[in-house]
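# A closer look at the structure
For reference, the chains in residue letters:
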Amino acid sequence: GTSHLVTIDDEMHQQSIIFSLINLSASRSQYLARRIHYNAPTYLKMKFSMLAVAATAFAAGVNGFSAAPRASFGIRQTSSLKMADAATEVDKMAALATAANEARGLAMDSIAAAHSGHMGLPLGCAEIGATLYGSQMQYNPKDTTWINRDRFILSAGHGSMFLYSWLNLAGFDLSIDELKNFRQHHSQTPGHPEFPNSEHTTPGIECTTGPLGAGVSNAVGFAVSEKMAAARYNTDEHKIFDHHIFALAGDGCFQEGVSAESACFAAHEKLDNLIVLYDSNEVTLDKMAE
């Protein structure tokens, strides 16, 4: 399938967090935690050695950490700062690619253990998760009710292992054991994401999704709420509310009228704090869409 990603690029990284990657062994029996820190307002700051960076760049076919061919360098005029920036970018992209593959592994293992679940979205959208949780969103996994956190809503709730995998990798209190209990009674990883309640207290779930299109309309409501709060409480000297709402939706979500109606409202109200990502994989439960 094909996943279309829309991202934003601004200085919204105002909370220092820890983004935890899990390295799965070939047998998937051992999990080695590796922490990567990033702070406002820059992107990921990796702690890899320059040797590792060079090896990554060489494997990726990068010439001198630049898109330009080696012959164009002539007399070397590239500053050390630009070289460091390029190396950091290569470092970041390699780490995000690794994280995407780890998320795929977690989803495959959990769905296989449950003998139930939807595999397509967690596999096809892994890079979207890596970009959001590893680069674009501001959040604190140790304070899930932080008032100015970015909100992520999985409108295509049937692909719930996508969300659970990234909550685990990003350091939320959702253990590997809970992922192993995917879709089991009383687990924190039900078949569709559920807002914390008496039955499930899964951290990082912003709203219950499942009915197709409902997540899109929920996301619009979240965006309106943020705009209203910002208008009431923000001042020129101090911003309390400036977060964004991200929603991931699939083909089925946009086949429901509620998504079109809420999208029209969002456009009319100029909700520029709302980002909807469309997973266009042309697959239905029964067969390929025609």
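See the structure shown above.
Computed from a predicted structure; not experimentally measured. Within each chain, residue numbers correspond to sequence positions counted from 1 in written order. The predicted nature of this model means local features are confined to residues of pLDDT at least 70 and side-chain atom pairs, given and counted, to a pLDDT of 80 or more, with totals for whole chains, interfaces and linings taken over all residues. In computing side-chain values, all of the structure's heavy atoms are included and hydrogens and water are not.

### Some words on the overall build of the protein
- Each helix and strand counted, the protein has nine helices and six strands in total.
- Any pair of residues with heavy atoms lying within 4.5 Å of one another is described as a contacting pair. Put simply, of all contacts in the protein between residues at least 6 apart along the chain, 68% involve residues at least 24 apart.
- Note on areas: these come from Shrake-Rupley sampling with a 1.4 Å probe, and a residue is covered only by the protein chains present in the view. Summed over all atoms, the accessible surface of the protein reaches about 15,100 Å², with 55% contributed by carbon and sulfur. Helix and strand assignments come from DSSP, with helices taken as H or I runs of at least 4 residues and strands as E runs of at least 2, each series counted from the N terminus.

### Topic: helix α4 (residues 126–136)
- Most of α4 sits inside the fold, with ten of its eleven residues counted as buried.
- For every residue, the accessible area obtained with a 1.4 Å probe (protein chains only) is divided by the maximum for its type, and the residue is called buried under 20%, exposed over 50%, and partly exposed between those limits. Residues of α4 that are buried include every one of A126, I128, G129, A130, T131, L132, Y133, G134, S135 and Q136, and no others.

### Some points on a nonpolar patch on the surface
- Grouping into patches uses exposed residues only, defined as over 30% relative accessible area, and leaves out salt-bridged ones; the cut-off is 9 Å for like charges and 5 Å for nonpolar side chains (Val, Leu, Ile, Met, Phe, Trp, Tyr). Put simply, a salt bridge is a Lys or Arg side-chain nitrogen that is within 4 Å of an Asp or Glu carboxyl oxygen. Taken together, the side chains of I147, Y233 and I240 present a nonpolar region at the surface, about 280 Å² in accessible area.
- If you trace the backbone, Y233 turns up in helix α7 (residues 214–233).

### Focus on the environment of A99
- The residue A99 is located in helix α2 (residues 80–114) in this model.
- Of the residues examined, A99 reaches a relative accessible area of 0% and is grouped as buried.

### Some thoughts on the packing of aromatic side chains
- Here the aromatic set is Phe, Tyr and Trp, taking the six-membered ring for Trp, and pairing holds for ring centres within 6.5 Å; pairs whose planes are under 30 degrees apart are stacked, those over 60 apart are edge-to-face, and all others are tilted. In total, this model carries seven aromatic pairs according to the counting rule given.
- Judged by centre distance (5.6 Å) and plane angle (70°), the ring pair of Y133 and Y139 falls under edge-to-face. Of the two residues, Y133 and Y139, neither departs from the other in class, the shared state being buried.
- When the ring of Y133 is compared with that of F152, the centres are 6.0 Å apart and the planes differ by 65°; the resulting orientation is edge-to-face. Taken together, the residues Y133 in helix α4 and F152 in strand β4 (residues 151–154) connect sequence positions 19 residues apart. Note on accessibility: Y133 and F152 belong to one class, buried.
- Members of the aromatic cluster, joined through ring pairs, are Y133, Y139, F152, F162 and F172.

### Comments concerning unusual backbone geometry
- Of note in the backbone geometry, H186 takes a positive phi value of approximately 70° without being a glycine.
- Among the structural elements, H186 can be located in the loop between α6 (176–180) and α7.
- On the basis of relative accessible area, H186 is assigned to the exposed category, the value being 53%.
- Of note in this structure, K270 is not a glycine but carries a positive phi near 55°.

### Structural notes on the packing of α4 against helix α5 (residues 160–169)
- In this analysis an axis means a line fitted to C-alpha atoms, helices contributing only their contacting stretch, and an angle means the value between N-to-C directions, from 0 to 180 degrees. Taken N-terminus to C-terminus, the directions of α4 and α5 make an angle of 40°; their axes are 11 Å apart at the nearest point. Classified by the angle their axes make, α4 and α5 are oblique. Between α4 and α5 the crossing geometry is right-handed. Along its contact with α4, which presents A126, G129, A130 and Y133, the element α5 presents F162, L163, W166 and L167. Orientation labels follow simple angle bins: below 35 degrees gives roughly parallel, above 145 gives roughly antiparallel, 65 to 115 gives roughly perpendicular, and whatever is left gives oblique. Each crossing gets its hand from how the near helix is turned against the far one by less than a right angle, where anticlockwise is left-handed and clockwise is right-handed.

### What to know about the pattern of salt bridges
- Following the criterion strictly, the structure yields three salt bridges and no others.
- Between E127 and R104 there is a salt bridge, and its shortest N-O distance comes to 2.7 Å. Of this pair, E127 sits in helix α4 while R104 sits in helix α2, and the two are 23 residues apart along the sequence.
- E127 gets classed as partly exposed once you look at its relative accessible area, which sits at 41%.
- Assessed through its relative accessible area of 18%, R104 is described here as buried.

### Some remarks on the pairing of strand β5 (residues 245–250)
- Most of β5 sits out of view: six of its six residues are buried.
- Judged by which residues are buried, β5 turns out to be covered on both faces: I245, A247 and A249 on one side and F246, L248 and G250 on the other are all buried.
- Inspection of the sheet shows β4 paired to β5 by four bridges, in the parallel sense. Following the sheet pairing, R151 is matched in β5 by I245.
- Note on pairing: DSSP must find at least two bridges between two strands before they are called paired. Of the pairings in the sheet, the one linking β5 to strand β6 (residues 274–280) comprises six bridges and is parallel in character. When the bridges of β6 are listed, I245 appears paired with L274.

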